[in-house]
Amino acid sequence: MAQAKDVVLVTFLVSILCSHVNTLSFTLSARSKKCLREEVHKDVLVTGEYRLSEAPIKTHLTVIDTNGHVLYKKDDAQKGKFAFTTDDYDMFEVCFHSEGSHGQGIDREIFLEVKTGVEAKNYDDIQKTEKLKPMELELKKLEDLSEAIVNDFAYMRAREEQMRDTNESTSDRVLYFSVFSMLCLIGLAMWQIFYLRRFFIAKKLIEN
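The rules behind these values
- Residues numbered from 1 in each chain as written.
- Predicted model: local features only at pLDDT ≥ 70, side-chain atom pairs only at ≥ 80, totals over all residues.
- Heavy atoms only, no water.
- Core = buried A, V, L, I, M, F, W, Y, C linked by side-chain atoms within 4.5 Å.
- Buried < 20%, exposed > 50% of the residue type's maximum accessible area, 1.4 Å probe, protein only.
- Helix = DSSP H or I, 4+ residues; strand = E, 2+ residues; numbered from the N terminus.
- Contact = heavy atoms within 4.5 Å.
- Pairing = 2+ DSSP bridges.
- Axes fitted to C-alpha atoms, helices over the stretch in contact; angles between N-to-C directions.
- Expected span 1.5 Å × (residues − 1).
- Patch = residues over 30% accessible without salt bridge, like charges linked within 9 Å, V, L, I, M, F, W, Y side chains within 5 Å.
- Areas by Shrake-Rupley, 256 points an atom, 1.4 Å probe, with all protein chains shown as cover.
- Salt bridge = Lys/Arg side-chain N within 4 Å of Asp/Glu carboxyl O.
- Lys, Arg positive; Asp, Glu negative; His and termini not counted.
- Charge placed at Lys NZ, Arg CZ, Asp CG, Glu CD.

Peer 1: Tell me about the nonpolar core, residues and numbers included.
Peer 2: Tyr-50, Leu-61, Phe-82, Val-94 and Phe-96 are the most contacted members of the largest nonpolar core, which totals 19 residues. Among the secondary structure elements, those contributing two or more residues to this core are strand 1 (21-29), strand 2 (33-40), strand 3 (45-52), strand 4 (59-65), strand 6 (79-85), strand 7 (90-98) and strand 8 (107-116). Discounting residues that sit within four places of it in the chain, Val-94 has contacts with Lys-34, Cys-35, Leu-36, Leu-61, Thr-62, Val-63, Phe-82 and Leu-112. By size, the runner-up hydrophobic cluster in this structure holds six residues, among which are Val-118, Tyr-123, Ile-126 and Leu-137.

Here's what the structure looks like:
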């Protein structure tokens, strides 16, 4: 029994650290557009749920990635859900575009909740499909959370190595450029000395 409580406690603490849920509400005026951008890793499940207040104007919902691929689209959106899995590290954009005309004086409340990673999974369905016991379900959650943490650390380490390599490469290039600039300045100074010497000799200001 104590072990079960420990598992639940650890799962709760890790979920607090790793939870990634964006819940927001905002007002959209007629003939306006508002977007939400979010960065996600590769092979990450993203789910969203939206609800719009009643209004005599149409509002369209579009979810796209940085390449312009449409991940989800709904004309005259009222209420619904969307879900997709990312193919690579990317940024997706959730945009609401309202029709109408400026100065129409119609505002529409939009409620949006976006979940990514472990938080986006429906463990109730997983429990029914795999016929898991409560303890097995908590262990499943803990396993997924641990895997998410490991993937985040692996990504951070890869980014750190990439930034370090970039810094080292930049430092080497700056060093080579500094040496080249110094050699150019020394060469220019020597040329000026020889040129002035020949000039003064030609004007008989100094002897050869």
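Peer 1: So what's going on with the sheet that holds strand 4? Which residues, and what values?
Peer 2: Two strands in a sheet stick together by hydrogen bonds in their backbones, pointing the same way (parallel) or opposite ways (antiparallel). Judged by pairing direction, the sheet is antiparallel, and its four strands sit side by side in the order 2-7-4-5 without closing on themselves. Where the open sheet ends on each side, the last strands, each with one partner, are strand 2 and strand 5 (70-74). If you compare each strand with its neighbour and ignore which way they point, the axes differ by 10° on average.

Peer 1: Any details on helix 3 (residues 134-202)? Residues and values, ideally.
Peer 2: In a regular helix each residue adds 1.5 Å, so 69 residues correspond to 102 Å; helix 3 covers 101 Å between its end C-alpha atoms and thus fits that length. If you check which residues of helix 3 are buried, you get Leu-137, Glu-138, Leu-142, Asp-144 and Leu-145. Positive phi appears at Lys-204, one or two residues downstream of helix 3, with a value of about 60°.

Peer 1: Explain unusual backbone geometry residue by residue, including any values.
Peer 2: Look at Arg-31: it is not a glycine, yet its phi comes out positive at around 55°. Checked against the element boundaries, Arg-31 lands in the loop between strand 1 and strand 2. Of the residues examined, Arg-31 reaches a relative accessible area of 49% and is grouped as partly exposed. The backbone phi angle of Asp-43 is positive, close to 55°, even though this residue is not glycine. Among the structural elements, Asp-43 can be located in the loop between strand 2 and strand 3. For Asp-43, a relative accessible area of 56% translates into the label exposed.

Peer 1: Got a sec to walk through a nonpolar patch on the surface? Specific residues and values, please.
Peer 2: Together, Leu-175, Tyr-176, Val-179, Met-182, Leu-183, Ile-186, Met-190, Ile-193 and Phe-194 give the surface a local cluster of nonpolar side chains, amounting to about 950 Å² of exposed area. Tracing the backbone shows Val-179 in helix 3. Residue Val-179 is classed as partly exposed on the basis of its relative accessible area, which comes to 43%.

Peer 1: Outline a negative patch on the surface, listing residues and values.
Peer 2: Judged by side-chain charge, Glu-161, Asp-165, Glu-168 and Asp-172 come together as a negatively charged surface patch. Within the secondary structure layout, Asp-172 lies in helix 3. You can call Asp-172 partly exposed: its relative accessible area is 40%.

Peer 1: Quick rundown of the pattern of salt bridges? Include the residues and the values.
Peer 2: For the coordinates displayed, the defined rule picks out four salt bridges. A salt bridge links Glu-93 to Arg-37; the nearest nitrogen and oxygen atoms lie 2.6 Å apart. With Glu-93 in strand 7 and Arg-37 in strand 2, the pair connects residues that are 56 residues apart, well separated along the chain. Among the salt bridges present, the one from Glu-160 reaches Arg-164, with a minimum N-O distance of 3.0 Å. Here Glu-160 and its partner Arg-164 are both found in helix 3, four residues apart, which amounts to about one turn of the helix. By relative accessible area, Arg-164 is classed as partly exposed at 35%. Where salt bridges share partners, they join Lys-121, Lys-140 and Asp-144 into one cluster.

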